[in-house]
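# Reading the structure
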Amino acid sequence: MRVSECAVDGPLLIEPDVHGDDRGFFMETWNARTFADVGLPSQFVQDNHSRSRKGVLRGLHFQNPAPQGKLVRVASGAVFDVAVDLRSSSPTFGRWVGFELSAANKRMFWVPRGFAHGFVTLQDDTDFLYKCDAPYAPEADHSIAWDDPEIGIDWPIHDLNVTLSEKDRAACALSEAPVFT
Ligand SMILES: Cc1cn([C@H]2C[C@H](O)[C@@H](COP(=O)(O)OP(=O)(O)O[C@H]3O[C@@H](C)C(=O)[C@@H](O)[C@H]3O)O2)c(=O)[nH]c1=O
């Protein structure tokens with residue numbers, strides 16, 4: 001597998017080895033030893049699956065306290081996936097990195113603890129799968145506005161009619177968020 005560091009220290013773009021043959025393909029989406037070798041946790045405690053139609057934007061989410069690292073991928077459809085550095089002592093605090101993840105490119109993205117995470121779906125019936133290294137803690141869950149100008153994410157969507165949850169419509173600005181100290 002190929003692992004690439006990002007402009008912001010921490011997140012990793014992971015391109016697994018894909019073994020294609022006349023039946024289709026095979027790939028390892030998680031292997032405790034090989035993923036630990038590149039710095040991911042060796043234990044995950046929760047797997048999640050969401051399905052969205054095109055133009056759904058989920059994010060920017062994080063838990064504090066009880067932060068989660070997330071290993072994310074797309075099994076059907078496509079997203080633009082983003083991590084935002086919320087570590088106040090980091091030289092890249094407030095900066096974002098983003099990648100297209102799709103069923104076609106089979107990329108995975110590691111979003112470490114200390115980052116907010118979000119994505120917008122680029123196709124209908126997008127199945128988004130992810131492993132978490134800490135459990136869901138609804139009382140610690142926060143949402144920062146996807147379009148906060150202080151972060152300035154360049155979402156690859158041309159009409160701005162994204163579909164948001166009620167929670168994400170009420171999201172706060174980065175300047176008001178309980179970031180990591
Ligand atoms: C995240 C989560 C939600 N839920 C419930 C709460 C709610 O009733 C319903 C939908 O929850 P949400 O609206 O928070 O789902 P969603 O907007 O998809 O939230 C997710 O967004 C992406 C960007 C992330 O990074 C995830 O960690 C998570 O925050 O599912 C769980 O039971 N377990 C979970 O782990």
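Calculation notes
Residues numbered from 1 in each chain as written. Predicted model: local features only at pLDDT ≥ 70, side-chain atom pairs only at ≥ 80, totals over all residues. Helix = DSSP H or I, 4+ residues; strand = E, 2+ residues; numbered from the N terminus. Rg over C-alpha atoms; globule rule 2.2 N^0.38 Å. Buried ≥ 20, exposed ≤ 12 C-beta atoms within 10 Å, placed from the backbone. Contact = placed C-beta atoms within 7 Å. UniProt positions renumbered as here; feature names shortened; annotations may be inferred. Near = placed C-beta within 6 Å. Nonpolar A, V, L, I, M, F, W, Y, C, P; charged D, E, K, R; others polar. Pairing = 2+ DSSP bridges. Core = buried A, V, L, I, M, F, W, Y, C linked by C-beta atoms within 7 Å.

### Digging into the overall build of the chain
Across its full length, the chain carries 2 helices and 13 strands. Relative to the globule expectation of 16 Å for 181 residues, the C-alpha radius of gyration of the chain, 16 Å, shows essentially globular dimensions. Overall size of the chain, expressed as C-alpha extent along the three principal axes, is 50 × 35 × 30 Å. Buried residues in the chain amount to 32% of all 181 residues. Sequence separation of at least 24 residues holds for 82% of the intrachain contacts in the chain that already meet a minimum separation of 6.

### Remarks on the UniProt feature "active site" (unreviewed entry) in the chain
What UniProt calls "active site" (unreviewed entry) maps, in this numbering, to His61 and Tyr130. Maximum C-alpha separation among the annotated residues is 13.8 Å over a sequence range of 70 residues, consistent with a single clustered spot. The contacts of His61, once residues within four sequence positions are left out, are Ala116, His117, Gly118, Asp141 and Ser143. With respect to the secondary-structure elements, Tyr130 resides in strand E12 (residues 126-132). On the neighbour-count criterion, Tyr130 (22 C-beta atoms within 10 Å) is buried. Those residues in contact with Tyr130, other than ones at most four positions away along the chain, are Asn48, Lys70, Leu71 and Val72.

### Observations concerning the site of the ligand
In the vicinity of the ligand, the contacting residues are Asn48, Ser50, Arg58, Gly59, His61, Lys70, His117, Gly118, Phe119, Tyr136, Ser165 and Lys167. Those elements giving two or more residues to the shell around the ligand turn out to be strand E5 (46-52), strand E6 (57-63) and strand E11 (115-121). Residues of the shell around the ligand, tallied by class, amount to 2 nonpolar, 7 polar and 3 charged.

### What to know about unusual backbone geometry
Following Gly59, the chain continues to Leu60 via a peptide bond in cis, the omega torsion being 0°. Structurally, Leu60 can be placed in strand E6. Cis geometry marks the peptide bond from Asn64 to Pro65; its omega dihedral reads 0°. Relative to the elements of secondary structure, Pro65 occurs in the loop between E6 and strand E7 (70-76). Even without glycine at this site, Lys106 takes up a positive phi of about 60°. Considering the arrangement of structural elements, one finds Lys106 in the loop between strand E9 (96-102) and strand E10 (108-111).

### Quick look at the pairing of strand E2 (residues 12-15)
By the bridge criterion, 4 bridges tie strand E1 (residues 2-5) to E2 in an arrangement that is antiparallel. By the bridge assignment for E2, Ser4 is matched with Leu13.

### Some remarks on the nonpolar core
In terms of nonpolar packing, the biggest core is built from 35 residues, with Val72, Val79, Ala83, Val84, Phe115 and Ala116 touching the most fellow members. Elements with a minimum of two residues in this core: E6, E7, strand E8 (78-85), E9, E10, E11 and E12. Of all the elements, E8 adds the most residues to this core, at 5 residues. With residues near it in sequence (within four places) discarded, Val72 still touches Asp81, Leu101, Met108, Phe109, Val111, Phe128 and Tyr130.

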